[in-house]
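Single-letter residue listing:
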Amino acid sequence: MIRAQLRVQLPPDTWIAAVSREFPDATFRLLTGLRDDEGAVELGEVRTADPDAVADAFDTHPQVVWHEPLDVTADRLLVRYRTTETGLYEFVEQSALAPEYPIVVEDGWFDFDITGTRAQLDRVRTGLEDSPLAFEVQFVVGHEDGGGLLTERQRDVLETALRMGYFEVPREASLADVAEELDVDKSTVSTVLRRGEASLLKWQLSGPDGVSERD
């Protein structure tokens, strides 16, 4: 399976495009939604310096039938609302791949993750290329057969280092701590970590043909 993140420009006549452009510094997050015969009921979160003004924009837009603020703080609005705009759900039906929540909207663009086979993702991309909407592929990662990217040893060392906090900033565990946990010497852990990290980076930046080094 392959995981991709897409960034798509919203149609200018949709309510969320208009409101997000009116508040370009705000971050809108669609947490969940359900489509019915009259439109869709959605739960959204907005991070903004002026939540009351954003709530007013919800209230006055003709595509928002009603809205119910559930929680309002100095920089956050949690709101449930009904909208007549169902373009997102039509996109899901056409692509047969559901975007993963939350879906993030900023200044007229929305970002979302999808997971599927290479053929499914290619169909999504072809559909976007045939549409009038601008889009960007933020990243594509994964492996079609589900394995072979890391050796068993690399995976074991990387998972241990991740669990212990070696990759946190600041680090919660040292190289020596990871080596002690695995009962191997520090130089071995360092080598396996570097090779595992290199395989992951080569895969993400160059695709499967860039992954050749094994341990």
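Residues numbered from 1 in each chain as written. Predicted model: local features only at pLDDT ≥ 70, side-chain atom pairs only at ≥ 80, totals over all residues. Heavy atoms only, no water.

Draft legend 1. Seen up close, a negative patch on the surface. Together, Asp50, Asp52, Asp56 and Asp59 give the surface a local cluster of negative charge. Of note, Asp50 is situated in the loop between β3 (39-47) and α2 (51-60). When its relative accessible area of 39% is taken as the criterion, Asp50 is described as partly exposed. (Patch = residues over 30% accessible without salt bridge, like charges linked within 9 Å, V, L, I, M, F, W, Y side chains within 5 Å. Areas by Shrake-Rupley, 256 points an atom, 1.4 Å probe, with all protein chains shown as cover. Salt bridge = Lys/Arg side-chain N within 4 Å of Asp/Glu carboxyl O. Lys, Arg positive; Asp, Glu negative; His and termini not counted. Charge placed at Lys NZ, Arg CZ, Asp CG, Glu CD. Helix = DSSP H or I, 4+ residues; strand = E, 2+ residues; numbered from the N terminus. Buried < 20%, exposed > 50% of the residue type's maximum accessible area, 1.4 Å probe, protein only.)

Draft legend 2. Looking closely at the packing of helix α5 (residues 152-164) against helix α6 (residues 175-182). In the contact formed by α5 and α6, the axes pass within 10 Å of each other and the chain directions differ by 120°. Of the possible angle classes, the one that applies to α5 and α6 is oblique. Read as a crossing pair, α5 and α6 show a hand that is right-handed. In this structure, α5 contributes Asp156, Val157, Thr160, Ala161, Arg163 and Met164 to the contact, and α6 contributes Asp177, Val178, Glu181 and Leu182. Split into classes, the residues belonging to the contact of α5 with α6 amount to five nonpolar, one polar and four charged. (Axes fitted to C-alpha atoms, helices over the stretch in contact; angles between N-to-C directions. Parallel < 35°, antiparallel > 145°, perpendicular 65-115°, else oblique. Left-handed = near helix turned anticlockwise from the far one by under 90°. Contact = heavy atoms within 4.5 Å. Nonpolar A, V, L, I, M, F, W, Y, C, P; charged D, E, K, R; others polar.)

Draft legend 3. How the structure looks around the packing of aromatic side chains. Applying the stated criterion across every chain yields a total of six aromatic pairs. With a centroid separation of 5.2 Å and an interplanar angle of 75°, the aromatic rings of Trp15 and Tyr81 are classed as edge-to-face. Of this pair, Trp15 sits in helix α1 (residues 15-22) while Tyr81 sits in strand β5 (residues 76-83), and the two are 66 residues apart along the sequence. Judged by relative accessible area, Trp15 falls into the buried class, the value being 3%. Overall, the relative accessible area of 4% leaves Tyr81 in the buried class. Taken together, a centroid distance of 5.2 Å and an interplanar angle of 80° make the contact between Tyr166 and Phe167 edge-to-face. Residue Tyr166 is classed as buried on the basis of its relative accessible area of 10%. On the basis of relative accessibility, which here comes to 34%, the residue Phe167 falls in the partly exposed class. For Arg171, the ring lying beneath its charged end belongs to Tyr166, and the centroid distance is 3.9 Å. (Phe/Tyr/Trp six-rings, centres within 6.5 Å; stacked < 30°, edge-to-face > 60°. Lys NZ or Arg CZ within 6 Å of the ring centre and 35° of its normal.)

Draft legend 4. Highlighting the nonpolar core. One finds Phe28, Phe58, Phe110, Phe112 and Ile114 to be the most contacted residues of the largest nonpolar core, which totals 35 residues. If we skip the residues at most four places from it in the chain, Phe112 touches Ala4, Gln5, Leu6, Val8, Phe91, Pro99 and Ile103. In this structure, Leu175, Ala179, Val189 and Val192 belong to the second largest nonpolar core, which totals 10 residues. (Core = buried A, V, L, I, M, F, W, Y, C linked by side-chain atoms within 4.5 Å.)

Draft legend 5. How the structure looks around α2. The complete set of buried residues in α2 reads Pro51, Val54, Ala55, Ala57 and Phe58. End-on, the buried residues of α2 take up no more than an arc of 155°, which puts them together on one face. The outward face of α2, more than 90 degrees from its buried face, is lined by the exposed residues Asp52, Asp59 and Thr60. Looking at the buried side of α2, the elements it contacts are α1, β2 (27-36), β3, β4 (64-72) and β5. (Arc of directions from axis to C-beta.)

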